[in-house]
Amino acid sequence: MTLVGRRLTAEAFRWGRAASGAVQRAMDPPSSWSLRVEAPSKRQVSKNGMHWVFLGCPGVGKGTYASRLASLLSIPHIAMGDLVRQELSQPSEASKKLIYAMSQGKLLPDQVVVSLLSTRLEKGALEGEKGFILDGFPRNTTQAEILEQVTEIDLVVNLKLREDVVISKCLGRRICSQCKGNFNVANIDVEGSDGGPRISMPPLLPPPSCATKMTIRADDTEEVVRERLRIYAEESKPVEDFYRLRGNLFDFEVAGGIPETWPRLLDALNLSEKDCTHQKVSV
Ligand SMILES: [Zn+2]
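Here is what the cut-offs are and how they apply
- Residues numbered from 1 in each chain as written.
- Predicted model: local features only at pLDDT ≥ 70, side-chain atom pairs only at ≥ 80, totals over all residues.
- Heavy atoms only, no water.
- Axes fitted to C-alpha atoms, helices over the stretch in contact; angles between N-to-C directions.
- Helix = DSSP H or I, 4+ residues; strand = E, 2+ residues; numbered from the N terminus.
- Parallel < 35°, antiparallel > 145°, perpendicular 65-115°, else oblique.
- Left-handed = near helix turned anticlockwise from the far one by under 90°.
- Contact = heavy atoms within 4.5 Å.
- Nonpolar A, V, L, I, M, F, W, Y, C, P; charged D, E, K, R; others polar.
- Donors = N, O, S within 2.8 Å, 3.2 Å for Na, K, Ca; no water.
- Buried < 20%, exposed > 50% of the residue type's maximum accessible area, 1.4 Å probe, protein only.
- Core = buried A, V, L, I, M, F, W, Y, C linked by side-chain atoms within 4.5 Å.
- Salt bridge = Lys/Arg side-chain N within 4 Å of Asp/Glu carboxyl O.

**So, the packing of helix α8 (residues 163–171) against helix α10 (residues 222–245)**
Then, number 1: Their axes nearest at 10 Å, the elements α8 and α10 cross at an angle of 135°. By the angle class used here, α8 and α10 are oblique. Two packed elements cross with a definite hand, and for α8 against α10 that hand is right-handed. Where α8 approaches α10, its residues Glu163, Val166, Ile167, Cys170 and Leu171 are matched on the opposing element by Glu222, Val225, Arg226 and Leu229.
Then, number 2: When its residues are assigned to classes, the contact of α8 with α10 shows six nonpolar, no polar and three charged.

Below, the structure is given as structure tokens:
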């Protein structure tokens, strides 16, 4: 384990969780290894609520699905990007380190992001939160190892979407300069590859009042999008492997827009709106 890992392990202990179980689990392979996780069932809800992680490349809609699911299950959607932005809005040792890393174009230091997350989880536990959906964390296996010692993770939902479709989607993004509304002009309708289902995502067009005020984010160029995806693929592969080995990874192919994908996702997770109401009561 790295020095950072050891320091944060101490922090995990301070946080009051018995890390020994997690460490043991990390060393022993699960008794029933499988390459693919079966659709998750209620047993993947630990007694402390749902502890889920959402993985997925930029542009896959991860934030949207994680946030919808969290609100349906009445658990917080904890997006690492939000925690970082919040920290940056106030002067602190952590924000100094974050600003320095960003100015150097470096990845945010594991120690700082894990500490932000630990603080957030601790606050949630004190307030009686039952579970969470993490979004944008862990970004690498060091973070995944530390997370495992801070809290249990029941399920890792890995949202997947073909690269050419992600690129078209990212290039189709538009923002209204007046109301800041997000729209998408890409009209995606392509044959599925390898016998997969046809991928169809209609555009999300602006109302007439916004149509003349559309702007494109400066970093939504094909070159930048491809580079973001390349970095993501490089970073995420080891994280996916980490959770696959633990039997926690659940791959889910996004093959349509939100109206088609949302019910499919609920179905794949063995959830229904009705169940969720029930779980809201039982957790
Ligand atoms: Zn507008």
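So, next bit.
**As for the coordination of the zinc ion**
Then, number 1: The coordination sphere of the zinc ion, as far as protein atoms go, consists of Cys176 (SG), Cys179 (SG) and Cys210 (SG), spread over 2.2 to 2.3 Å.
Then, number 2: Every donor residue of the zinc ion comes from the same chain, spaced as C-x2-C-x30-C. Remark: cysteine 210 occurs in helix α9 (residues 208–211) and cysteine 179 occurs in the loop between β5 (173–176) and β6 (182–184); sequence separation between them is 31 residues.
Then, number 3: Relative accessible area serves as the criterion here: at 48%, cysteine 179 is assigned to the partly exposed category.
Then, number 4: Exposure remark for cysteine 210: the relative accessible area of 8% places this residue in the buried category.

**Section: the nonpolar core**
Then, number 1: In this structure, Trp52, Leu69, Leu159, Tyr243 and Leu269 are the most contacted members of the largest nonpolar core, which totals 65 residues.
Then, number 2: For tyrosine 243, the contacting residues outside a window of four places in its chain are Pro138, Ala144, Leu147, Ile153, Val156, Asn248 and Leu249.

**Here we look at the pattern of salt bridges**
Pairing between side chains of opposite charge can happen when the charged atoms of each approach one another.
Then, number 1: Applying the stated criterion across every chain yields a total of 22 salt bridges.
Then, number 2: Linking aspartate 251 and lysine 160 is a salt bridge whose minimum nitrogen-to-oxygen distance equals 3.9 Å. Here the residue aspartate 251 occupies a position in strand β10 (residues 249–253), and lysine 160 occupies one in strand β4 (residues 155–160), the gap between them amounting to 91 residues.
Then, number 3: A residue is classified by how much of its surface remains accessible, and lysine 160, at 28% relative accessible area, is partly exposed.
Then, number 4: A salt bridge links arginine 173 to aspartate 220; the nearest nitrogen and oxygen atoms lie 3.0 Å apart. Linking arginine 173 in strand β5 with aspartate 220 in the loop between β9 (214–215) and α10, this pair joins segments that are 47 residues apart in sequence.
Then, number 5: You can call arginine 173 partly exposed: its relative accessible area is 25%.
Then, number 6: Taken together, the shared-partner salt bridges in this structure form one network comprising Lys160, Lys237, Asp241, Arg244 and Asp251.

**Quick look at unusual backbone geometry**
Then, number 1: Here the residue pair phenylalanine 137 and proline 138 is connected by a cis peptide bond, since its omega of -5° sits within 30 degrees of zero.
Then, number 2: Within the secondary structure layout, proline 138 lies in the loop between β3 (131–135) and α7 (141–150).
Then, number 3: Of note, the phi angle at serine 74 is positive, near 55°, even though the residue is not glycine.
Then, number 4: Within the secondary structure layout, serine 74 lies in the loop between α3 (62–73) and β2 (77–79).
Then, number 5: A positive phi is found at lysine 180, a non-glycine position, where the angle reads about 65°.

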